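Notes for the structure review
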Amino acid sequence: MRKSFIAGNWKMNTDVHSSVKLAEGVVSGCKDVAGSKVDVAVCPPFVYLQQVSKALQSSHIALGSQDIYFEQKGAFTGEISAAMLKDVGCAYALCGHSERRHVIGETDELINKKVHAAILGGLLPILCVGELLDERKANKTDEVVTRQMKKGLAGLIAEKMSAVTIAYEPVWAIGTGLTATPQQAQEVHALIRKLVAQMYDRKIADAIRIQYGGSVKPDNAGELMSQEDVDGLLVGGASLKTEDFVAIVKASV
Ligand code: PGA
């Protein structure tokens, strides 16, 4: 039985005050279910990780970063290493979020290095995959997701796979108000699990958690989560409102 896993991706939002307030709201709103019934994480901007980490102390809400760099240290101006993220209390690191792929231009090869660096540094990577609208219209969803999965996990041995979460986020559903139907999500989640079984084995495929992301809201969370292969949610916009995020977490229990 896979434990549900809900993560909030705050993207480039909040400030010192509002990030702490939001974290405190999530802690108190989720205290009856977080940890015991569902895993919950929040991913604030780098500069607020430390304050948010303090606000999460002695709660069951985990901290995650929105990105990570693959080198361990040195002359990489502007970048943040796994050790730095661990140092401020991160447990998770998003790798290859669609905005990093399509706005910043990250490649599958770079994202693969980030996944490896996260694991090497003791973090749990959340590898994000998903197709563009044109790719879906051209019936290329399976091909794109297969490529992102194979390249994103290249070189990762089976023993390390228990650290990995996959987030399926159709790019056309992110921040657009368009959500994949539960059936559309289920189809791609089933494909992802099948790929993991092919690349590793059935046991690893049955254990890996696959989140859905893309305009998740309190009123669609329950139906998405009711799908057999949807094990969690990666929430953007709705994770910035305490009540909405807490309602999504509760709808997932
Ligand atoms: P959204 O973002 O919920 O605002 O669509 C999801 C994400 O990008 O992780």
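To start, this report covers the structure provided alongside it. (Residues numbered from 1 in each chain as written. Predicted model: local features only at pLDDT ≥ 70, side-chain atom pairs only at ≥ 80, totals over all residues. Heavy atoms only, no water.)

1. Comments concerning the side chain of S252
One can find S252 in the segment after α11 (242–251). Those residues in contact with S252 that lie beyond four places of it in its chain are S4, I6, M225 and L233. (Helix = DSSP H or I, 4+ residues; strand = E, 2+ residues; numbered from the N terminus. Contact = heavy atoms within 4.5 Å.)

2. Some points on the site of the ligand
In the neighbourhood of the ligand, 13 residues make up the surrounding shell, with K11, H97, E169, G175 and S215 lying closest. For the ligand, an oxygen atom lies 2.8 Å from a polar atom in the backbone of G237. For the ligand, the accessible surface in isolation is 280 Å², of which the surrounding protein chains cover 96%. (Near = heavy atom within 4 Å. Polar contact = N/O pair within 3.5 Å; in protein donor to acceptor, adjacent residues only side chain to side chain. Areas by Shrake-Rupley, 256 points an atom, 1.4 Å probe, with all protein chains shown as cover.)

3. Thoughts on the packing of aromatic side chains
One pass over the full model with this rule turns up four aromatic pairs. An aromatic cluster is defined as three or more aromatic residues linked by ring pairs; in this entry it consists of Y69, F70 and F76. (Phe/Tyr/Trp six-rings, centres within 6.5 Å; stacked < 30°, edge-to-face > 60°.)

4. Let's talk about the packing of helix α1 (residues 16–30) against α11
As a packed pair, α1 and α11 sit with axes 9 Å apart at the nearest point and diverge in direction by 35°. For the element pair α1 and α11, the recorded crossing hand is right-handed. Of the residues in α11, those touching α1 at L22, G25, V26, G29 and C30 are T242, F245, V246, V249 and K250. Among the residues forming the contact of α1 with α11, the class breakdown is six nonpolar, three polar and one charged. (Axes fitted to C-alpha atoms, helices over the stretch in contact; angles between N-to-C directions. Left-handed = near helix turned anticlockwise from the far one by under 90°. Nonpolar A, V, L, I, M, F, W, Y, C, P; charged D, E, K, R; others polar.)

5. Quick notes on the nonpolar core
Counting 68 residues, the largest nonpolar core has I166, Y212 and L233 as its most contacted members. Examining the composition of this core, we find that seven residues originate from one element, helix α8 (residues 182–199), more than from any other. The contacts of I166, once residues within four sequence positions are left out, are L127, V129, M149, L153, I192, I208, R209, I210 and Q211. (Core = buried A, V, L, I, M, F, W, Y, C linked by side-chain atoms within 4.5 Å. Buried < 20%, exposed > 50% of the residue type's maximum accessible area, 1.4 Å probe, protein only.)

6. Here we look at the sheet that holds strand β3 (residues 61–65)
Taken in spatial order, the eight strands close into a barrel running β1-β2-β3-β4-β5-β6-β7-β8, and their pairing is parallel. Adjacent strand axes in the sheet meet at a mean angle of 25° when their direction is disregarded. Of the pairings in the sheet, the one linking strand β4 (residues 92–95) to strand β5 (residues 124–129) comprises four bridges and is parallel in character. Bridged to L94 within β5 is I126. Those strands touched by helix α2 (residues 49–56) are β2 (38–43) and β3, and its axis lies near 170° from that of β3. (Pairing = 2+ DSSP bridges.)

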